[in-house]
Amino acid sequence: MKIFTIGFTKTSARSFFTKLGASGVDRLIDVRLNNVSQLAGFAKREDLRYFSEALCRIEYEHLTALAPTKDMFEEYKMKGGAGISTPVNFWI
């Protein structure tokens, strides 16, 4: 099994889904704790589910058990990502 990550910030829906579709993955696993109020409209849970399945034929699953804890996320934000090994807002 290969694991890939992809972010959605600072990208367009076209670029995101083109890269996702070309990746060859079978399943998109959303590990965000809060996946309904994101800046990028296409990255909200139901939109992401629809577009990944309709445009890319990729199964969508939301698994918060794989998400960083709230404390880890707060530390990440405070340090601007420096010294933190747990990525946030990513999919496998």
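Nothing here was measured: the structure is a model prediction, and the numbers come from that model.

Rules and cut-offs
Every chain's residues receive numbers from 1 upward, in the order its sequence appears when written. With the structure being a predicted model, the display of local features is reserved for residues of pLDDT at least 70 and the display and counting of side-chain atom pairs for 80 or more, all residues being used for whole-chain, interface and lining totals. Only heavy atoms go into the side-chain values, all of them from the structure, while hydrogens and water stay out. Salt bridges are defined as contacts in which a side-chain nitrogen from Lys or Arg sits within 4 Å of a carboxyl oxygen from Asp or Glu. By the criteria applied, helices consist of DSSP H or I runs no shorter than four residues and strands consist of E runs no shorter than two, each listed in order from the N terminus. Buried means the residue's accessible area, taken with a 1.4 Å probe over protein chains only, is under 20% of the maximum for its type, while exposed means over 50%, and partly exposed covers the values in between. Joining through side-chain atoms within 4.5 Å is the link that ties buried Ala, Val, Leu, Ile, Met, Phe, Trp, Tyr and Cys residues into a set, and such a set is a nonpolar core. Here a helix's expected span is defined as the number of its residues, less one, multiplied by 1.5 Å. Throughout, the arc means that of the directions going from the helix axis to the C-beta atoms. In this analysis, rings of Phe, Tyr and Trp, with Trp reduced to its six-membered ring, are considered paired at centre separations within 6.5 Å, and the interplanar angle assigns stacked below 30 degrees, edge-to-face beyond 60, and tilted for intermediate values. A score between 0 and 100, pLDDT records how confident the predictor is in each residue. By definition in these notes, contact holds between two residues if any of their heavy atoms fall within 4.5 Å.

Visitor: Lay out the pattern of salt bridges with the relevant residues and their values.
Guide: Counting across every chain of the model gives five salt bridges. When the shortest N-O distance is used, the salt bridge between Arg27 and Glu59 registers 3.5 Å. In this pair, Arg27 is assigned in strand β1 (residues 27–30) and Glu59 in strand β2 (residues 59–62), connecting sequence segments 32 residues apart. Judged by relative accessible area, which is 39%, Arg27 ranks as partly exposed. Under the relative-accessibility criterion, Glu59 is labelled partly exposed at 39%. Put simply, Arg27 and Glu61 hold a salt bridge, and the shortest N to O gap is 3.6 Å. Linking Arg27 in strand β1 with Glu61 in strand β2, this pair joins segments that are 34 residues apart in sequence. On the basis of relative accessibility, which here comes to 25%, the residue Glu61 falls in the partly exposed class.

Visitor: Lay out the nonpolar core with the relevant residues and their values.
Guide: Counting residues in hydrophobic clusters, the biggest one holds 14 residues, and the most contacted among them are Phe16, Phe17, Leu20 and Phe42. Looking at this core, the element that brings in the most residues is helix α1 (residues 13–22), giving three residues.

Visitor: Residue-level account of helix α2 (residues 45–56), with values.
Guide: End to end, α2 covers 16 Å across 12 residues, agreeing with the expected 16 Å (1.5 Å per residue, within 8%). Of the positions making up α2, those classed as buried are Leu48, Ser52 and Cys56. Angular distribution of buried residues about the axis of α2 spans 25°; they occupy a single face of the element. Directly after α2, the chain includes Arg57, whose backbone phi takes a positive value near 55°.

Visitor: Report on the packing of aromatic side chains, specifying residues and quantitative values.
Guide: Scanning the model with the defined rule gives five aromatic pairs in all. Three or more aromatic residues link up through ring pairs in this structure, and these residues are Phe16, Phe17, Phe42, Tyr50 and Phe51.

Visitor: Can you break down the confidence of the model for the chain residue by residue, with the values?
Guide: Summary statistics for the chain give a mean pLDDT of 82 and a share of 85% for residues scoring 70 or more. Ranking the helices and strands of the chain by mean pLDDT puts β2 first, with 94, and helix α3 (residues 70–79) last, with 81. The low-confidence segment residues 86–92 (pLDDT under 50) makes 34 contacts with residues lying over four places distant or belonging to another chain.

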